[in-house]
Protein chains: 2
Amino acid sequence: MRSTMMEIPLSLNHLLERAGTLFVGGRIVSRLPDKSLREHSYGQWHRRTLALAAALQELGLRKGERVATLSWNHHAHLECYFGVPAAGGVLHTLNLRLAPEELGWIAADAQDRFLVVDDVLLPLYRQFAHLHKFERVIVFPFTGAPVPDEFSDYEQLLAGADGEGFVALPHEETDPVAMCYTSGTTGRPKGVVYSHRSTVLHTLIGCLGDHWGLKSTDVVLPVTPMFHANCWGLPYAAVMLGVTMVFPGPHLHPVDLLDLMQLEPPTLALGVPTIWMSLIQTFDAAQTGEPGRWKLPAGMRSLVGGAAVPEALIRAFDRHGVWLLQGWGMTETSPLATVSYPRAELRDAGIDERYRRAALAGVPAPLVEVRIRTDEGSDAPWDGVTMGEIQVRGPFITREYHEVPVAEDKFTPDGWLRTGDVATMDALGFVRITDRTKDLIKSGGEWISSVDLENALMAHPALAEAAVIALPDEKWGERPLACLVFKPGQQADAAALGAHLLAQGFAKWQLPDRYEVIDAVPRTSTGKFWKLKLRERFAR
Amino acid sequence: MRSTMMEIPLSLNHLLERAGTLFVGGRIVSRLPDKSLREHSYGQWHRRTLALAAALQELGLRKGERVATLSWNHHAHLECYFGVPAAGGVLHTLNLRLAPEELGWIAADAQDRFLVVDDVLLPLYRQFAHLHKFERVIVFPFTGAPVPDEFSDYEQLLAGADGEGFVALPHEETDPVAMCYTSGTTGRPKGVVYSHRSTVLHTLIGCLGDHWGLKSTDVVLPVTPMFHANCWGLPYAAVMLGVTMVFPGPHLHPVDLLDLMQLEPPTLALGVPTIWMSLIQTFDAAQTGEPGRWKLPAGMRSLVGGAAVPEALIRAFDRHGVWLLQGWGMTETSPLATVSYPRAELRDAGIDERYRRAALAGVPAPLVEVRIRTDEGSDAPWDGVTMGEIQVRGPFITREYHEVPVAEDKFTPDGWLRTGDVATMDALGFVRITDRTKDLIKSGGEWISSVDLENALMAHPALAEAAVIALPDEKWGERPLACLVFKPGQQADAAALGAHLLAQGFAKWQLPDRYEVIDAVPRTSTGKFWKLKLRERFAR
């Protein structure tokens, strides 16, 4: 016997067409570089998106080819989210916080054919333009200023395209739609490629009541950059349900965000803990100094992720009636893998217990299988104590990296993704992350690879060894500290080492905050750097 | 370029395993025939479901074979919902409201191998046992009384099975999991076969915030029978999220339901308008007579479907703070196709406008494409006036019927399901059902085929012609009225015609309430019965 159900592929094009018919009156608000607000209806957005798709096809974009973006959060970026896949292309969001060298390397690795770039980000583009030749650079005139002649003008491109005549090509649901690079601990960043199927499934899982609980009446403020793991998937969900979107553009300072919240009060705001921490500190300070300048929108809820969310942050927001919902995941997991929601069993738990759980990584989402694998290769019991590596499996989890041979340190032989995070799981299925197998440093929601820093430092002629560890930091979450072993009779100061690292392609914010001279790097029995010992010594 | 995402099939087994690990403490409450309550934890339910799956495999169930159920709503039926697919079988829910002859025909058509039947429904089973030979009849001792020797005992079967050792076989996501028969206007009922894929996708769509908005803290009371289109999909959603389920068993009288709501207050209750109408009338009457006997649970929401929901019913519940959410669909659509939720655009609309919209069939759900096809074969504009047939398309819509050649009156050449409902669509995408192309009568949520009644009546020797129409009925929604044209010199009274219909296999509740003698059946220009004229004459 066989099922009688239709064989209809999951498709972003369906969500796009849906918005273009059902939600024509819906609102998309973008903050421009001059801080003014620009509003588009979903109807306008739909027409512009089809025009973009038609334009890309007219430029000769072929199925599966990459179109990169170097953009802040705004309506045109949302047009790329849907217009590039509609044209059969793959949206490749470039992380504007990376060093120019890294951006150039990533664009070359992805073989990006076209680039859409905000005019305000042209200076950054020019720093890596020599590293990868885009066939065409399309400039979005975010400021409204004329686009330099050597580039294509995004608005002129749309105006000249036949969006009404555009018809999306048929596709398989496993065809690619988007690509994002993940920072590796060893070697180069690696590309993750999402499909129609993985994206639609992730969208539906994100929308569940215990997760985002999105409704058509919601107003979503994504502070999370759209170049970070699909902005956690919210743009797709918003278009599926026709919710109002408020994009902050380049203005992510707490004062700007609080101002924006007064103009367009969100019901759901999402961002990384670092920004949320600044935001609540700024808000609380203003309550004392200038009461009444700002209000936190009544009934607003918030989704925080990208790094561990301190319990203190959850308490700080809850004092103002805003509950922080924490999600855990990574570029490889689309990203939502676990969500720390108030489970039914916690209904009668005291508030302290609810805060404690809220500060954990959370419970596996439906369709995502999570196991905690101990060093002995068995699954850890759900006792909240036994540690192991988090391994995940599911239809929106990556099984390999773009054009990189599958490696054992990334995927298990039985097909699970090795996340590199070490965790415990308790009886209610709450994952608590205790460590990382690789020693990445997460600063302001951005990864810094300690291994990359170490390798670069050790390339300095004066240094014998270097080990970089993460130190907890109130503002940034974590900051790097470098432990240095000089060659006999050699030395170098912080300024010299910083210059050395900048010359090797690191961004300024990636440089260590502190340098400590040690006699030798402690090692484990198998000869690996034993960073735990260094952390114990310096992390006070 | 190809996607790097894992190829993991959507699977009910994943939901089952998820509940068995994450929700072991969750609650499943069933009302027994003696009206007492029986509670199982999700952990117990999970073990019992695996035992059922193991037992079915030990009985030799092969992949794709059908296991029928003839059951009320209770925990054991939920075990069948997941245990049969886990064993590789297809759950075939038999509608206990059908006439025995029809049940026998359906079981034979589906080639059901095994039957799970409630002990209280054995009398019904015995009426059609001669029409289809089940290889094994497994009796669920719902009353607790001993199971007659000629049958297998469900509880003994589970007790003797090795559930812990059970391992589900690998499957494709398009493999079948469940089957349900739809009433046809012409000829026999037809089987719809759902897959893992269609069921999981439908579950995720149902859970959206504007639809069921299910959370782990919900308590769901499904009054909708589990033999009706998968109980609208709620059982799958409940297991996915670990929500508390309260099953009413055979006790669907308003007094029983109100009593049950006091014992286990639901946050979400679902049922057909007929039952909901009785319930609110009973409740309102008691408020006058015996105030305080019952309360409607605070904050309860309700999902109503299966037939048009009158605005008066929505208003009646809203007076007590319960908002009725209406869904429209059919067995062929899994069933959820449209939902009448309060869209963002209606936020500032007056309450009358909100009631009016709530009484419409609603807005297409994501993944479901809806078009209103006019008689001329074009898509009707979204003007709220132009009528046409609703046609639907999507990954949980049927493309054919089980072992029935695809017919043009059921599916369009370009692959859309023809629903047989006539409707308009307004500018906000709200579907309003105005008529049916086929003249089915919906009584108490159950279909009565007017064409079948007509054919049976016209087989009576005294009758020349008969046309059956639906009359609006406060209690049942609709009831059949038969318009009769006698042969010259002949006649028959209501009692004789009723006996004639019963002899032809109709159930008692399917018989017309009224008989009217007319001179001739009015006909359209193409010679079809023009029932509109009869409705205008009699529907006062």
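Note that the structure is predicted; figures quoted are calculated from it, not measured.

## Side note on the overall build of chain A
Across its full length, chain A carries 15 helices and 25 strands. Taking the principal axes of its C-alpha atoms as reference, chain A extends roughly 70 × 70 × 60 Å. The proportion of buried residues among the 540 residues of chain A is 63%. Restricting to contacts in chain A with at least 6 residues of sequence separation, those with at least 24 account for 67%. Between the averaged position of the 52 positive side-chain charges in chain A and that of its 64 negative side-chain charges there is a distance of 2 Å.

## So, the pattern of salt bridges
Two side chains with opposite charge may pair up if their charged atoms get near one another. Evaluation of the coordinates by the stated rule reveals 58 salt bridges over all chains. The partner of Glu345(A) in a salt bridge is Arg343(A), and the shortest N-O contact between them spans 2.9 Å. Residue Glu345(A) is classed as partly exposed on the basis of its relative accessible area, which comes to 35%. With a relative accessible area of 1%, Arg343(A) lands in the buried category. Glu369(A) is the salt-bridge partner of Arg393(A), the closest N and O atoms lying 2.5 Å from each other. Taken together, the residues Arg393(A) in strand β18 (residues 388-393) and Glu369(A) in strand β17 (residues 369-373) connect sequence positions 24 residues apart. Residues joined by salt bridges that share partners form a network here, namely Arg2(A), Glu7(A), Arg399(B) and Glu400(B).

## Observations regarding the interface of chain B and chain A
Taken together, the contact between chain B and chain A spans 73 residues of the former and 73 residues of the latter. Both faces combined, the contact of chain B with chain A buries some 5900 Å², and carbon together with sulfur accounts for 60% of it. When the buried surface of chain B facing chain A is broken down by residue, Met1(B), Met5(B) and Met6(B) rank first, second and third, together holding 15% of it. Seen at the junction of chain B and chain A, the total is six salt bridges. Linking chain B with chain A are 32 residue pairs in polar contact (both at pLDDT 80 or more). The set of elements that each furnish at least two residues to the side of chain B that touches chain A consists of α1 (12-22), β8 (176-182), β9 (190-195), α7 (196-206), α8 (234-241), β16 (363-364) and β18 (388-393) of chain B.

## Some details on the domain arrangement of chain A
By the assigned domains, chain A splits into domain 1 (12-201) and domain 2 (440-538). Here the C-alpha centroids of domain 1 of chain A and domain 2 of chain A sit 36 Å apart.

## A short note on the sheet that holds strand β14 (residues 323-329) of chain B
Residue and element names in this part refer to chain B. Taken in spatial order, the nine strands make up an open sheet running β2-β1-β11-β10-β12-β13-β14-β15-β16, and their pairing is mixed. At either end of the open sheet lies a strand with only one pairing partner, and these are β2 (37-41) and β16. Where strand β13 (residues 301-304) and β14 come together, four bridges link them in parallel fashion. Across the sheet, the residue bridging to Val-304 is Gln-326, located in β14. Across the face of the sheet, helix α12 (residues 351-358) comes into contact with β14 and β15 (336-340) while running at roughly 35° to β14.

## Digging into the relation of the copies chain B and chain A
With an RMSD of 0.2 Å, the operation that places chain B on chain A is a rotation of 180° combined with a shift of 0.0 Å along the axis. Taken together, the rotation and translation relating the two chain copies correspond to the operation of a two-fold axis.

## So, helix α10 (residues 273-289) of chain B
Residues and elements named next belong to chain B. In this model, α10 (17 residues) spans 24 Å end to end at C-alpha, consistent with the 24 Å of a helix rising 1.5 Å per residue. Inspection of α10 places Pro-273, Thr-274, Ile-275, Trp-276, Met-277, Ser-278, Leu-279, Ile-280, Phe-283 and Ala-286 among the buried residues, and these make up the whole buried set. Where α10 is buried, its residues meet α9 (254-263), β12 (268-271), β13, α11 (311-318), β14 and β24 (477-486).

## Here we look at the packing of aromatic side chains
Tallying each qualifying case throughout the model produces 22 aromatic pairs over all chains. Note on Trp323(A) and Tyr355(A): the rings are 5.9 Å apart at their centroids and 15° apart in plane angle, and the pair reads as stacked. Of the two residues, Trp323(A) sits in the loop between α11 (311-318) and β14 (324-329) while Tyr355(A) sits in helix α12 (residues 351-358), which places them 32 residues apart along the sequence. An aromatic cluster is present here, built from Tyr42(A), Trp45(A), Tyr81(A), Phe82(A) and Tyr236(A) joined pairwise through their rings. Here the guanidinium or amino end of Arg371(A) rests over the ring plane of Trp416(A), the centre of that ring lying 4.1 Å away. The residue whose ring lies beneath Lys190(B) is Tyr401(B), and the NZ or CZ to ring-centre distance is 5.4 Å.

## Thoughts on the packing of α1(B) against helix α3 (residues 75-86) of chain B
Residue and element names in this part refer to chain B. One can describe the packing of α1 onto α3 by two numbers: an axis separation of 9 Å at closest approach and a directional angle of 125°. For the element pair α1 / α3, the angle class is oblique. The crossing of α1 and α3 is left-handed. Contact residues: α1 offers Leu-12, Asn-13, Leu-15 and Leu-16, while α3 offers Tyr-81, Phe-82, Pro-85 and Ala-86.

## Some remarks on the pairing of strand β13 (residues 301-304) of chain A
Residues and elements named next belong to chain A. As defined by bridge partners, strand β12 (residues 268-271) adjoins β13 across four bridges and the pair is classed as parallel. Bridge pairing links Leu-270 to Leu-303 in β13. Relative to β14, β13 runs parallel, the two being bridged by three bridges. Bridge pairing links Val-304 to Gln-326 in β14.

## Structural notes on α9(B)
Every buried residue of α9(B) is listed here: Pro254(B), Asp256(B), Leu257(B), Leu258(B), Leu260(B) and Met261(B). In this structure, the buried side of α9(B) is in contact with β1 (27-31), β2, β10 (219-222), β11 (244-247), β12 and α10 of chain B.

## What to know about the packing of α7(B) against α8(B)
Residues and elements named next belong to chain B. Packing of α7 against α8 leaves a shortest axis separation of 9 Å and a crossing angle of 75°. One finds that α7 runs roughly perpendicular with respect to α8. On α8, the residues touching Thr-199, Thr-203 and Leu-204 of α7 are Tyr-236, Ala-237 and Met-240. Classifying every residue of the contact of α7 with α8 by side-chain character gives four nonpolar, two polar and no charged.

## As for the sheet that holds strand β8 (residues 176-182) of chain A
Residue and element names in this part refer to chain A. Spatially, the seven strands line up as an open sheet ordered β7-β6-β5-β3-β4-β8-β9, and their pairing is mixed. Only two strands of the sheet have a single neighbouring strand rather than two, namely β7 (152-153) and β9 (190-195). Pairing of β8 with β9 involves six bridges; the strand directions are antiparallel. Bridging across to β9, Met-179 finds its partner in Val-193. With respect to the sheet, helix α4 (residues 100-110) is in contact with β3 (66-70), β4 (90-93) and β8, its orientation differing from that of β8 by roughly 145°.

## A short note on the side chain of Asp426(B)
Residue and element names in this part refer to chain B. As for its position among the elements, Asp-426 is in the loop between β19 (417-425) and β20 (431-436). For Asp-426, the side chain forms a polar contact with the main-chain nitrogen of Phe-430, separated by 2.9 Å. Other than its neighbours up to four places away in sequence, Asp-426 contacts Arg-357, Leu-360, Trp-382, Asp-383 and Gly-384.

## Concerning the environment of Lys190(B)
Structurally, the position occupied by Lys190(B) is in strand β9. Each C-alpha atom of the pair Lys190(B) and Tyr401(B) lies 6.0 Å from the other, and the pair is 211 residues apart in sequence.

## Topic: the environment of Gly362(A)
All names here are of chain A. Among the structural elements, Gly-362 can be located in the loop between α12 and β16 (363-364). Taking relative accessible area as the criterion, Gly-362 reaches 0% and is therefore assigned buried. For the pair Gly-362 and Ala-145, spaced 217 residues apart in sequence, the C-alpha separation works out to 46 Å. Sequence-distant contacts of Gly-362, defined by excluding residues within four places in its chain, comprise Thr-338, Val-339, Ser-340, Gly-429, Phe-430 and Val-431.

About the criteria used
Residues numbered from 1 in each chain as written. Chains lettered and ligands numbered in written order. Predicted model: local features only at pLDDT ≥ 70, side-chain atom pairs only at ≥ 80, totals over all residues. Heavy atoms only, no water. Helix = DSSP H or I, 4+ residues; strand = E, 2+ residues; numbered from the N terminus. Buried < 20%, exposed > 50% of the residue type's maximum accessible area, 1.4 Å probe, protein only. Contact = heavy atoms within 4.5 Å. Lys, Arg positive; Asp, Glu negative; His and termini not counted. Charge placed at Lys NZ, Arg CZ, Asp CG, Glu CD. Salt bridge = Lys/Arg side-chain N within 4 Å of Asp/Glu carboxyl O. Buried area = accessible area lost by both parts, 1.4 Å probe. Polar contact = N/O pair within 3.5 Å; in protein donor to acceptor, adjacent residues only side chain to side chain. Domains from an automatic or database assignment. Pairing = 2+ DSSP bridges. Axes fitted to C-alpha atoms, helices over the stretch in contact; angles between N-to-C directions. Least-squares fit on C-alpha atoms with pLDDT ≥ 70 in both. Expected span 1.5 Å × (residues − 1). Phe/Tyr/Trp six-rings, centres within 6.5 Å; stacked < 30°, edge-to-face > 60°. Lys NZ or Arg CZ within 6 Å of the ring centre and 35° of its normal. Parallel < 35°, antiparallel > 145°, perpendicular 65-115°, else oblique. Left-handed = near helix turned anticlockwise from the far one by under 90°. Nonpolar A, V, L, I, M, F, W, Y, C, P; charged D, E, K, R; others polar.

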